[in-house]
Amino acid sequence: MRSSRPARRCAAKMSAERLDGHIAVVTGALGTLGPVWTAALAEAGATVVGVDIREGDGVFHGDVTDRGSLERLLSEVAAEHGTPTVLVNNAGIDVPPGASDDAGFLETLNVNVAGVFNATQVFGPAMCEAGRGSIVNIGSLYASIAPIPALYDHLDPPFTKPAAYGASKAAVVNLTRYFARLWGPYGVRVNAISPGGIRGDQDGEFVRKYSERLPLGRMAEPSDLVGPMLFLASDASAYVTGHELRVDGGFTA
C-alpha cells in the first residue's frame, strides 16, 4: 500500500504558503514588479492593499517619502481591513540609461532607502503590537555586486549603471537585518528578496550578454519571483528572518 505521508507533507507545505486572513500592503503597487506581488499575494488568499504615489484603480495613494501620508494610510487600512500583517517594501526608482547619476543620486536614496525606512517604521510597530507580521523588502543583485560595464557598452552612447541604485539596495539589505533583530522578539520577521535581471523590453544584445553570465542561461521571468515572495511572506518561512534571498539565476554564485 502506498504511503500517504508525502501527500500530507505536500498539503502541509501548500497550506503554510497560504495567506488567508492576512492583510498585505504593497508599496509601489503600480511599478514594474508591483502587479506581480499584488497578484501573487491575492491568489494566496491575502487581502491586498496596493499603495502608489500615482493614481490607479483600486490603489491607495501614498508617498513613501512622506511619513505623514503613510500614517494616514495605516489608519485607513486598519479601519477598513484590520492591522496589516504583511508589508512588501517595493517602492523604488532606478536611473535609466541616458539619465545623469548626479541628478538622481539623492532622489534615489530618498525613495529607495528613506522610503523603506519610513514604511517599515509606520507599519512595523502595528505588527509588533499585534504580535505577528512579515516584512519583505525588495533588494537587488546589485546590493552585493557591482554592475558590469560590459553589459551596457554596446549602447550608443555607452551607459554605466548608476552608483545610486546599488548603494541604495545595499542599504535596504542592511535595514532588513537591523529590523529583523529589533523586532524578532515581537513576532515580526523581516527579510529581503534580491532579484537578478528580469526579462522586459531590454534589447537583444543585452539579453544575450547577460544570459551568458548565468548558470541557468536566461534572465528571470516575473513568475520566477512568485514562489520566493510567498515563501517569505507566509508561515512557510516562520523560522527565517534577517535573510537576503537572492533570486538571480546564479549570477552571484
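What counts and how
Residues numbered from 1 in each chain as written. Predicted model: local features only at pLDDT ≥ 70, side-chain atom pairs only at ≥ 80, totals over all residues. Heavy atoms only, no water. Helix = DSSP H or I, 4+ residues; strand = E, 2+ residues; numbered from the N terminus. Rg over C-alpha atoms; globule rule 2.2 N^0.38 Å. Buried < 20%, exposed > 50% of the residue type's maximum accessible area, 1.4 Å probe, protein only. Contact = heavy atoms within 4.5 Å. Areas by Shrake-Rupley, 256 points an atom, 1.4 Å probe, with all protein chains shown as cover. Lys, Arg positive; Asp, Glu negative; His and termini not counted. Charge placed at Lys NZ, Arg CZ, Asp CG, Glu CD. 1 Å grid on protein atoms, 1.4 Å probe; cavity = no way out; pocket = protein on both sides within 12 Å on 5 of 7 lines; lining within 4 Å. Points joined across faces, edges and corners; volume = space filled by probe spheres on them. Nonpolar A, V, L, I, M, F, W, Y, C, P; charged D, E, K, R; others polar. Salt bridge = Lys/Arg side-chain N within 4 Å of Asp/Glu carboxyl O. Phe/Tyr/Trp six-rings, centres within 6.5 Å; stacked < 30°, edge-to-face > 60°.

Side note on the overall build of the protein
When helices and strands are tallied, the protein shows 7 helices and 7 strands. Mapped from its N terminus to its C terminus, the protein presents α and β elements in the order α-β-α-β-β-α-β-α-β-α-β-α-α-β. Taking 2.2 N^0.38 as the reference for a compact globule, 253 residues should give roughly 18 Å; the C-alpha atoms of the protein span a radius of gyration of 19 Å, in line with that estimate. Dimensions of the protein, computed from C-alpha atoms along their principal axes, come out at roughly 60 × 55 × 35 Å. Of all 253 residues assigned to the protein, the portion counted as buried reaches 47%. Taking the intrachain contacts of the protein between residues at least 6 apart in sequence as the baseline, contacts between residues at least 24 apart amount to 74%. Surface exposure of the protein reaches about 12500 Å², of which carbon and sulfur atoms provide 54%. Measuring between centres, the 21 positive side-chain charges of the protein sit 13 Å from its 27 negative side-chain charges.

Things to note about the layout of surface pockets
There is about 1400 Å³ of room inside the largest pocket. Taken together, 49 residues line the largest pocket, and the ones lying closest to its centre are T32, I93, D94, K161 and Y165. Residue assignment for the lining of the largest pocket shows that the elements contributing at least two residues are α2 (34-43), β2 (47-52), α4 (101-130), α5 (163-183) and α6 (204-212). Residue composition of the lining of the largest pocket, grouped by class: 24 nonpolar, 16 polar and 9 charged.

Quick notes on the pattern of salt bridges
Two side chains bearing opposite charge may form a pair once their charged atoms approach each other closely. A complete count under the given rule lists 8 salt bridges for this structure. Salt-bridge contacts for D224 lead to R218; the nearest nitrogen and oxygen are separated by 2.8 Å. Of the residues examined, D224 reaches a relative accessible area of 28% and is grouped as partly exposed. Through salt bridges with shared partners, a single network forms among E205, R208 and E212.

So, the packing of aromatic side chains
All told, the structure shown has 6 aromatic pairs when counted by the stated rule. Aromatic ring contacts, followed pair by pair, group F117, Y178, F179 and W183 into a single cluster.

Everything listed is a geometric property; what it means functionally is a separate question.
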